[in-house]
Amino acid sequence: MSSKDAPPPLPEPLLVPVADSHTHLDMQSGTVEEALTKAAAVGVTTVVQVGCDIKGSQWAAETAAAHEHVHAAVALHPNEAPRIVLGDPDGWSRQGARDAGGDAALDDALAEIDRLAALPHVLGVGETGLDYFRTGPEGMAAQERSFRAHIEIAKRHGKALVIHDREAHADVLRVLDEEGAPERTVFHCYSGDAEMAEICAAKGYYMSFAGNVTFKNAQPLRDALAVAPLELVLVETDAPFLTPAPFRGRPNAPYLIPVTVRAMAAVRGITEEELAEAVATNTARAFDY
């Protein structure tokens with residue numbers, strides 16, 4: 001295996017245990033047990049496993065049921081909704097080619113998310129939201145309809161809402177205003193600037209920062225982190241994606257959270273222990289565990 005594919009080494013353990021607020025264990029190599037053991041060895045003792053489609057959400061719920069320190073979030077990813085409605089002829093989403101199912105197929109899929117969201121070990125509804133990077137104008141209606149339905153599901157079951165917002169800031173904020181956001185709303189892999197962070201702060205939305213806060217070109221993210229209220233800040237991997245520098249491009253996993261925690265503490269000008277205490281408390285509050 002080339003060094004580019006090799007997992008990065010274990011970082012120095014955190015002295016204060018924290019949670020990875022957003023990970024995809026089903027897309028990482030090795031077993032769930034191995035991932036949790038490596039994470040716990042460096043002070044990452046809790047993970048939120050996030051579903052992106054029906055199969056992934058079912059897996060997240062089952063995995064959370066089987067592991068005390070895994071919590072689940074279930075949803076149709078914003079790019080999944082248009083594929084259900086319009087079809088996925090090239091099988092891009094790892095599920096083979098799919099025919100268009102129309103609105104009825106989306107309703108069926110949402111009913112299954114609703115069923116899963118009622119389970120006690122499912123603590124979040126997400127990742128849902130809007131993604132204008134991968135989905136063109138033809139998919140926007142399905143995406144927004146799905147997002148609105150997930151907001152309603154989260155509120156009805158009293159679960160946290162986990163938002164995927166890619167190049168769609170204004171519309172995501174608009175839909176949340178129109179529908180009324182759930183009491184606990186998390187912007188996963190926060191991608192806005194400092195100005196948007198102030199809007200989120202005023203509304204009490206949590207902002208979860210991923211490894212990309214360490215990237216050279218990510219000054220707007222660091223500016224946002226600098227102004228976000230500490231009690232609304234979370235940390236995540238979004239693993240296997242967004243591996244923090246200096247390991248960018250190599251596989252990410254929950255055990256790399258300490259790298260991002262240290263970078264975040266530096267941006268805030270506080271100790272890593274202070275930052276870790278805050279994100280540990282905030283994650284438990286955001287997901288109500």
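Located above this text is the structure these notes cover.
The following refers to the structure shown. Fair warning: this is a prediction, and the values are worked out from it, not measured in the lab.

With respect to the environment of Val85
- On the secondary structure map, Val85 appears in helix α3 (residues 80-86).
- Its relative accessible area of 12% is what places Val85 among the buried residues.
- Residues Val85 and Thr243, spaced 158 residues apart in sequence, show a C-alpha to C-alpha distance of 32 Å.
- Discounting chain neighbours no more than four positions away, the residues touching Val85 are Ala100, Gly101, Gly102, Asp103, Leu106 and Ala142.

A few points about the pairing of strand β2 (residues 44-50)
- For β2, a buried count of 6 out of 7 residues is recorded, marking the element as mostly surrounded by other parts of the structure.
- Where strand β1 (residues 18-23) and β2 come together, 4 bridges link them in parallel fashion. The residue of β2 that forms the bridge with Ala19 is Thr46.
- Once you follow β1 into helix α1 (residues 32-41) and on to β2, the crossover reads as right-handed.
- Here 4 bridges tie β2 to strand β3 (residues 70-74), and the two strands are oriented parallel to one another. Looking at β3, one finds that Val48 is bridged to His71.

What counts and how
Residues numbered from 1 in each chain as written. Predicted model: local features only at pLDDT ≥ 70, side-chain atom pairs only at ≥ 80, totals over all residues. Heavy atoms only, no water. Helix = DSSP H or I, 4+ residues; strand = E, 2+ residues; numbered from the N terminus. Buried < 20%, exposed > 50% of the residue type's maximum accessible area, 1.4 Å probe, protein only. Contact = heavy atoms within 4.5 Å. Pairing = 2+ DSSP bridges. Right-handed = clockwise from strand over helix to strand, strands pointing away.

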